[in-house]
Amino acid sequence: REWAAGGNYKVLLHEDIARAIQDSDRAAALERETGATLHLLPGAAARPEPELRVLLVRGDTGRGLREAFEAVLAEEGARPEVRIRLLLPRWMAAIIIGRGGANIKELQRATGCAMRIDEDTERKQQVCQITGSTAEIMDALARVHRSKLERKEARGGDEEAGEEAEGP
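These numbers were taken from a predicted model, which means no experiment stands behind them.

Criteria and cut-off values
Residues numbered from 1 in each chain as written. Predicted model: local features only at pLDDT ≥ 70, side-chain atom pairs only at ≥ 80, totals over all residues. Heavy atoms only, no water. Helix = DSSP H or I, 4+ residues; strand = E, 2+ residues; numbered from the N terminus. Buried < 20%, exposed > 50% of the residue type's maximum accessible area, 1.4 Å probe, protein only. Contact = heavy atoms within 4.5 Å. Areas by Shrake-Rupley, 256 points an atom, 1.4 Å probe, with all protein chains shown as cover. Core = buried A, V, L, I, M, F, W, Y, C linked by side-chain atoms within 4.5 Å. pLDDT = per-residue confidence, 0-100.

Asks: When you look at the overall build of the chain in this model, what are you seeing that I'm missing?
Replies: Scanning the chain from N- to C-terminus turns up six helices and six strands. Listing each helix as α and each strand as β along the chain from the N terminus yields β-α-α-β-β-α-β-α-α-β-β-α. Looking at the chain as a whole, 48% of its 168 residues are labelled buried. Counting only contacts in the chain whose residues sit at least 6 apart along the sequence, the fraction spanning at least 24 positions is 67%. Just so you have it, the chain exposes about 8400 Å², and 46% of that area is on carbon and sulfur atoms.

This is how it looks when you write it as structure tokens:
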């Protein structure tokens, strides 16, 4: 159920990694096979870290979205611990955090990841940083995506709960 449908997410990455992902053969194959796209948005991500860029990860199907995230994480290498940073609308960050931090604590307990949510004042969004093994991060991303889909379903497909990503 976690990857039951596609979606859009913005991922903060170092510019070199973001370009390598977008220009890789894997990204082209991913688009051909699943329809998922990895699109580097123009401009720097933030003033304090101008080397960061925003990569739009878009999948029309759950499988495509999952494989797109796997491609992003693969660029980080086979290290025991990797990190991914998502740019999220405030309502999504609130769902992840939960009342009194209950949801984020449960996500961390269930997945083994460390998670932190910070303000991105430049974009008026939240940055959700997830650190762990690739498998742990994929588990956390699946759970976050399921929460997003449940919110969207509960609101009858309302755009506020839907895809707030920009891009082509």
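Having seen the model, we can carry on.
Asks: Whenever I open this one, the nonpolar core confuses me. Can you help?
Replies: One broad trend across soluble globular proteins is that nonpolar side chains are buried collectively. One finds L38, F69, I84, I96, I130 and L141 to be the most contacted residues of the largest nonpolar core, which totals 41 residues. Among all residues touching I84, those that are not within four sequence positions of it are V11, F69, V72, L73, C128, Q129, I130, I137 and L141. Counting six residues, the second largest nonpolar core, distinct from the first, contains V54, L56, L87 and V127.

Asks: Help me understand the confidence of the model for the chain, please; the structure alone is not making it clear to me.
Replies: As a note on interpretation, predicted positions should not be read in detail where pLDDT is low. Scored by pLDDT, the chain comes out at a mean of 83, with 84% of its residues at no less than 70. For the chain, helix α1 (residues 15-23) is the element with the lowest average pLDDT, namely 80, and helix α5 (residues 102-111) is the one with the highest, namely 96. Confidence drops under pLDDT 50 across residues 159-168; counting only partners more than four residues distant or on other chains, this segment forms 32 contacts.

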